[in-house]
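# Commentary on secondary and tertiary structure
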Amino acid sequence: MVAQIRRARRPLIVSHRNPDPDSLGSALGLAAILESLGASPVLAVNQPENIDAVMASIPGTGRFLPLTTGLLATPPDGRPFDALFSVDTASIDLLSADEAVRTALRAIRPIVNIDHHVTNERYGDVNYVVSDAAAAAEVIWLLLSTLGGGISREGAIALQAGLVADTLGFQTKETGPRTLRAAAALQALGGVTSDIPRRVLNVRTFEASRLLGAALAAAVRSKDGRVVWTQVSARMAADVGARIADSQGIPNALQDIADAEAVAVFYEADASRTRVSLRSRGTRIDGVAAAFGGGGHALAAGATVAEPLDVATEQVLARLGEVLNGR
């Protein structure tokens, strides 16, 4: 791993197609490490236009280019990529919905897979998967510690934003002593806890706030109260002047409901696809996500189901009920 990082001169850094603070912050932090070693990394993500105003407060997000076949065929300034660094992505299929893009990505060598998801498919030539890390940002910090090099203040802030957001302010079960050491080290490197990390954890746009309210108002719970779920449809988003991409914090808000053992949020991706986010307080639900081609953590996972919103909701809730009942 260390050798691949030191050897890369023109690496491409990518992350999953639904940008979040940890994926963006980790990619930017890795870019800062590579730059300190003299490399010239390029950062790309499937739809950079989905980086909303809150996530855009992370320094450097304007560097993300659209991940397209055009970018891969004709890199900026014509210099070919000599390595692919995939960050916070359990499967290479999650990098893009476009098969041509995924095929072009697989042609770049070496592929260095850096992640913290227990369901990671180890698709890289080099796989650095730390499944007990609370965030991908923690894994990048481990690399920084191993390399013993420096990082820019902006890189430290980006990693700190990812760390704070993915741990929900150091509240998740995966948060451990190493996570807190990473936070302290990033603070010493110039990170700030009261500004950008707080924003990415707590602040949302006006439209996203209205969409959160609508999703909570539409929440449903099972007869025994153990499962709470809601649907976020395109119509719901349009009614409050938002987009589906503005959905933020809905699973965590549902998880705060008393007596809810597991929660699910169903997002209408299009007429025939539904994105699902699952959370649990104790029962492992990564297997539920895996049953629909997804993955994630034991208590926080997701998937994209190739079914319309109502059909996907019925199928996933049925499987979730079986898991909660030990079947």
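Refer to the structure above for everything that follows.
The following refers to the structure shown. Every value quoted in this text rests on a predicted model; they were computed, and no experiment measured them.

## Structural notes on the sheet that holds strand β10 (residues 273–280)
Ordered in space as β7-β8-β9-β10-β12-β11, the six strands form an open sheet in which the pairing is mixed. Lying at the two open borders of the sheet, with one neighbouring strand each, are β7 (220–221) and β11 (295–296). In this sheet, strand β12 (residues 300–305) lies alongside β10 in antiparallel orientation, the contact comprising six bridges. Bridge assignment links T274 to a residue of β12, and that residue is V305. In this fold helix α13 (residues 309–324) packs onto β8 (227–232), β9 (262–270), β10 and β12, with an angle of close to 155° to the strand it touches most, β9.

## Overview of the nonpolar core
Ranked by size, the top nonpolar core spans 49 residues in total, and within it I13, L30, F64, F85 and I114 carry the most contacts. Breaking this core down by element, the ones donating at least two residues are α2 (21–36), β2 (42–45), β4 (83–87), β5 (111–115), α5 (136–147), α6 (153–166), α7 (177–188) and α8 (196–202). By residue number, the principal contributor to this core is α5, which donates nine residues. The residues contacting F64, other than those within four sequence positions of it, are L24, A27, L28, L43, A44, V45, P48 and I51. Core analysis: the second largest hydrophobic core is formed by 20 residues, V227, L317, L320 and V323 among them.

## Observations regarding α6
Taking 1.5 Å of rise per residue, 14 residues should cover 20 Å, and α6 covers 20 Å from first to last C-alpha, within 8% of that figure. Where burial is concerned, most of α6 is hidden: eleven out of the 14 residues are buried. Considered for burial, the residues of α6 that qualify are G155, A156, I157, A158, L159, Q160, A161, G162, L163, V164 and A165. Just beyond α6, the residue with positive phi is L168, at close to 55°.

## Details of the packing of aromatic side chains
Scanning the model with the defined rule gives zero aromatic pairs in all. When the ring centre of Y267 is taken as reference, the NZ or CZ atom of R275 above it lies at 4.3 Å.

## Observations concerning α5
With twelve residues, α5 ought to run about 16 Å at 1.5 Å a step, and its terminal C-alpha atoms sit 17 Å apart, in line with that. Across the twelve residues that make up α5, a large majority, ten, are buried. When we look at burial in α5, the residues that qualify are A136, A137, E138, V139, I140, W141, L142, L143, L144 and L147.

## A short note on the pairing of β12
Of the two faces of β12, only one is covered, namely that formed by A301, A303 and V305; the face formed by A300, G302 and T304 stays uncovered. Direction of pairing for β11 relative to β12: antiparallel, over a ladder of two bridges. If you follow G296 over to β12, its bridge partner there is A301. What sits between β11 and β12 in their antiparallel hairpin is a turn of three residues.

## Side note on the environment of D88
Within the secondary structure layout, D88 lies in the loop between β4 and α4 (99–106). In this structure, the C-alpha to C-alpha distance between D88 and N120, residues 32 residues apart in sequence, is 9.2 Å. For D88, the contacting residues outside a window of four places in its chain are S15, H16, D20, D22, S23, I114, D115, H116, H117 and A136. Among the polar contacts made by the side chain of D88, one reaches the side chain of H116 at a distance of 3.2 Å.

## A look at the environment of V316
As for its position among the elements, V316 is in helix α13. Other than its neighbours up to four places away in sequence, V316 contacts F266, V276, L278, V288, F292 and V305.

## Observations concerning the side chain of H16
Note on placement: H16 falls in the loop between β1 (11–15) and α2. A polar side-chain atom of H16 sits 2.9 Å from the main-chain carbonyl oxygen of N18. Side chain to side chain, H16 and D88 meet in a polar contact 3.2 Å long.

## Remarks on the pattern of salt bridges
Applying the stated criterion across every chain yields a total of 15 salt bridges. When the shortest N-O distance is used, the salt bridge between R63 and E35 registers 2.8 Å. Here the residue R63 occupies a position in the loop between β2 and β3 (65–66), and E35 occupies one in helix α2, the gap between them amounting to 28 residues. The exposure class of R63 is partly exposed, given its relative accessible area of 34%.

## Things to note about the side chain of D246
Mapped onto the elements of the fold, D246 is located in the loop between α10 (234–239) and α11 (250–255). Leaving out residues up to four positions away in the same chain, D246 has contacts with E207, A208 and L211.

## What about the sheet that holds β4?
The parallel open sheet is built from six strands, whose spatial order is β3-β2-β1-β4-β5-β6. Of all the strands in the sheet, just β3 and β6 (126–129) have a single pairing partner and so form its edges. Pairing of β2 with β3 involves two bridges; the strand directions are parallel. In the strand pairing of β3, V45 is matched with P66.

## Looking at unusual backbone geometry
With omega at -5°, the peptide bond leading from R109 into P110 counts as cis. With respect to the secondary-structure elements, P110 resides in the loop between α4 and β5. For R122, which is not glycine, the phi dihedral falls at a positive 50°. Here R122 shows up in the loop between β5 and β6. Assessed through its relative accessible area of 42%, R122 is described here as partly exposed.

Basis of the calculations
Residues numbered from 1 in each chain as written. Predicted model: local features only at pLDDT ≥ 70, side-chain atom pairs only at ≥ 80, totals over all residues. Heavy atoms only, no water. Pairing = 2+ DSSP bridges. Helix = DSSP H or I, 4+ residues; strand = E, 2+ residues; numbered from the N terminus. Contact = heavy atoms within 4.5 Å. Axes fitted to C-alpha atoms, helices over the stretch in contact; angles between N-to-C directions. Core = buried A, V, L, I, M, F, W, Y, C linked by side-chain atoms within 4.5 Å. Buried < 20%, exposed > 50% of the residue type's maximum accessible area, 1.4 Å probe, protein only. Expected span 1.5 Å × (residues − 1). Phe/Tyr/Trp six-rings, centres within 6.5 Å; stacked < 30°, edge-to-face > 60°. Lys NZ or Arg CZ within 6 Å of the ring centre and 35° of its normal. Polar contact = N/O pair within 3.5 Å; in protein donor to acceptor, adjacent residues only side chain to side chain. Salt bridge = Lys/Arg side-chain N within 4 Å of Asp/Glu carboxyl O.

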